[in-house]
Amino acid sequence: METRAHLHREQSYAGPHELYFKKLSSTKKQAMEKNGNNRKLRVCVATCNRADYSKLAPIMFGIKTEPEFFELDVVVLGSHLIDDYGNTYRMIEQDDFDINTRLHTIVRGEDEAAMVESVGLALVKLPDVLNRLKPDIMIVHGDRFDALALATSAALMNIRILHIEGGEVSGTIDDSIRHAITKLAHYHVCCTRSAEQHLISMCEDHDRILLAGCPSYDKLLSAKNKDYMSIIRMWLGDDVKCKDYIVALQHPVTTDIKHSIKMFELTLDALISFNKRTLVLFPNIDAGSKEMVRVMRKKGIEHHPNFRAVKHVPFDQFIQLVAHAGCMIGNSSCGVREVGAFGTPVINLGTRQIGRETGENVLHVRDADTQDKILQALHLQFGKQYPCSKIYGDGNAVPRILKFLKSIDLQEPLQKKFCFPPVKENISQDIDHILETLSALAVDLGGTNLRVAIVSMKGEIVKKYTQFNPKTYEERISLILQMCVEAAAEAVKLNCRILGVGISTGGRVNPQEGVVLHSTKLIQEWNSVDLRTPLSDTLHLPVWVDNDGNCAAMAERKFGQGKGQENFVTLITGTGIGGGIIHQHELIHGSSFCAAELGHLVVSLDGPDCSCGSHGCIEAYASGMALQREAKKLHDEDLLLVEGMSVPKDEAVGALHLIQAAKLGNVKAQSILRTAGTALGLGVVNILHTMNPSLVILSGVLASHYIHIVKDVIRQQALSSVQDVDVVVSDLVDPALLGAASMVLDYTTRRIH
């Protein structure tokens, strides 16, 4: 009889993929006939330890949900079957998988010779198992010495091998093992675009490579356990608080065992000094692990009141522990890969993961040679919250892998073919080789409208959504989340891969924390607002936030007339006056994030009142609001309208009416525009004398009306040394959206390439 726990476990995993499986059911028969495979595909999944099971289990669950298409055999070996490492085979049984074969393959000793002997013992035992099971395909994960034995046996016995996580780079002997398995494997499932590029560079056949993401992310990104505090208390004690504890997981580095043991001592000393509740997991079975356990016992970690030392934590519970930790420290691949899904701060020690792609939540301490250095890292990282990272997956790996398995034609020759093409720039995401467009979600938070757009790497606005911007904080946040979720879903249909979210907003912004510190009067109830966290938590994407003037400058730098310019200034002439400064190719934020408030440069001590509370600012003269004010004055005095003009009774008088009147010969309107343009020109002269840029870009709806006056003022008022500056009108249609997108695209481009 199935227990409730089992039923809940099945439903919580199968639920997110149920629709996918139903969608495929109508085409299964055609797929089988097309691939010449008229029987079930017999898949053998071999798991060696707790770490690889967390990646293989989602695939196993997926296979199990389609018994009409697959037969699953499970082989368990390695440290799963050792008491000192938690007898972790039990979690496989608890997940209701039938274990076909258990192989005791570990020779104890935990040194280099024992690792070699363990590989030899596995090679002796595996042929009988594989002869008995006769799988069509064996799924092997990762870079462990046990996995090398599995791949060697299967390859020599003409069994097709599907390798998970090939092409990655870490930094130890694991690299050599991983790449050796790649050469033995017939099919590859990789997690990142860089890994895919590496596999192609290693001459693997691109048609047999699937960029799916990491299977563990399918569970990570859907993990929402409301009762996480009971898990935290179970492992760390009743008095511990969320975000106020540390998870430590450190393994030996087999190429430098002596140094890695010393580094482990320093880590424990630093954790003792840091004085926070800490969950310490025992190291894996690699050479040197025995010495690391001795260090733990020598320092009394198992009996220290601040520490809980455990051999194994079930993966579902481990997810909740790292998701709500104040920090994770060590050198486990889990820290640099899976933990990024939650934005939990990580301290990566030493060289074991030196080559891994990481999110911004990871702080590297490459030479962890002093306790103080590790302690400083703890002070820097503990308690922070970073954007969620999807470098290693988007939560849809298992459906892609199952589809990939179904596409395997058992009639094809088994012999591998190696390819020698140049590395391709654009590589497919799916088995169908559909080229995806790398894109960003861009959000423009304006005083009147809220706009969300899907923007491609080339600056093309693929699709745009516009809604009226609500007045209250709660309604505004809710609408932003709703529009972004809808746009992200639409992006899938449009074949766009969303890399992150960029937000452009008025006011003063702390881009490091993603917080709007003080907004403009146009956007009420919008001070000290954390925009990054709710969006990152909802979409599982990194999020960037900046001031709209800065975004306009970034848009010009990436897509506009500032491209390739080392020093330039952008001035936005719209409802208000804003801007951004690019100096030596980088955006200037200032010590309190108040740089480039160009609209509030004072050009007259007795000028009109400004919305900032001062007098005589450029914005008080040249902004859309200022022109609207002057237009209304003229209209109230019946001095605005000239022949050929009319204003409907239900239409408010604005800046465009003033401009129209000036064009039709209204002398007073022309005088107002000349004064406004002169004020703007004087502000530009001040900028030239302060920053000495090579280019000034006027952006916004009023730019074309001001440019000639601005150039005249520069000729009359500026020093001769700066008069040759180029002043141009921006040719970008949506600088705020493009600038928001550029924050995402610039960062991800640097990270990937």
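The structure presented is a predicted model; accordingly, all values stated were derived computationally and were not measured.

The rules behind each value
- Residues numbered from 1 in each chain as written.
- Predicted model: local features only at pLDDT ≥ 70, side-chain atom pairs only at ≥ 80, totals over all residues.
- Heavy atoms only, no water.
- Salt bridge = Lys/Arg side-chain N within 4 Å of Asp/Glu carboxyl O.
- Helix = DSSP H or I, 4+ residues; strand = E, 2+ residues; numbered from the N terminus.
- Buried < 20%, exposed > 50% of the residue type's maximum accessible area, 1.4 Å probe, protein only.
- Pairing = 2+ DSSP bridges.
- Axes fitted to C-alpha atoms, helices over the stretch in contact; angles between N-to-C directions.
- Core = buried A, V, L, I, M, F, W, Y, C linked by side-chain atoms within 4.5 Å.
- Domains from an automatic or database assignment.
- Contact = heavy atoms within 4.5 Å.
- UniProt positions renumbered as here; feature names shortened; annotations may be inferred.

Our next topic: the pattern of salt bridges. Applying the stated rule across the entire model yields 31 salt bridges. Across the pair Asp96 and Lys64 runs a salt bridge, and its minimum N-O distance is 3.6 Å. Taken together, the positions of Asp96 in the loop between α4 (89-94) and β3 (99-103) and Lys64 in helix α3 (residues 50-64) put the pair 32 residues apart, joining distant regions of the chain. Judged by relative accessible area, Asp96 falls into the partly exposed class, the value being 36%. Since its relative accessible area comes to 29%, Lys64 is described here as partly exposed. Taking the shortest distance from any N to any O, the salt bridge between Asp269 and Lys299 comes out at 2.8 Å. Residue Asp269 is found in helix α11 (residues 257-274), and its partner Lys299 is found in the loop between α12 (289-298) and β10 (307-310); the two are separated by 30 residues along the sequence.

This brings us to the sheet that holds strand β5 (residues 160-164). Taken in spatial order, the seven strands make up an open sheet running β3-β2-β1-β4-β5-β6-β7, and their pairing is parallel. Strands at the two margins of the open sheet, each flanked by one partner only, are β3 and β7 (209-211). Each neighbouring strand pair of the sheet contributes to a mean axis angle of 20 degrees, computed without reference to strand direction. The pairing of strand β1 (residues 41-47) with strand β4 (residues 137-141) spans three bridges and is parallel. Opposite Val45, over in β4, you have Ile139 as the bridge partner.

Okay, the nonpolar core next. It is characteristic of soluble globular proteins that their nonpolar side chains tend to be buried jointly. Counting 60 residues, the largest nonpolar core has Met138, Leu150, Ile246, Ile329, Ile347 and Leu378 as its most contacted members. The dominant element in this core, judged by the number of residues it contributes, is α11, at nine residues. Taken domain by domain, the makeup of this core includes at least three residues from each of domain 1 (39-214) and domain 2 (220-381). If we ignore the near neighbours within four places in the chain, the residues touching Leu150 are Ala46, Cys48, Leu77, Leu126, Met138 and Val140. Residues Ile577, Leu634, Met645 and Ile709 belong to the second largest nonpolar core, which totals 43 residues.

Let's shift gears to the UniProt feature "binding site: an N-acyl-D-mannosamine" (unreviewed entry) in the protein. The positions UniProt marks with the feature "binding site: an N-acyl-D-mannosamine" (unreviewed entry) are Arg508, Thr520, Asp548, Glu597, His600 and Glu619. Considering the arrangement of structural elements, one finds Glu597 in the loop between β24 (586-587) and α20 (618-622). One can find Glu619 in helix α20. Residues within four places of Glu619 in sequence aside, it is in contact with Gly576, Ile577, Gly599, His600, Cys610, Ser611, Met625 and Ala626.

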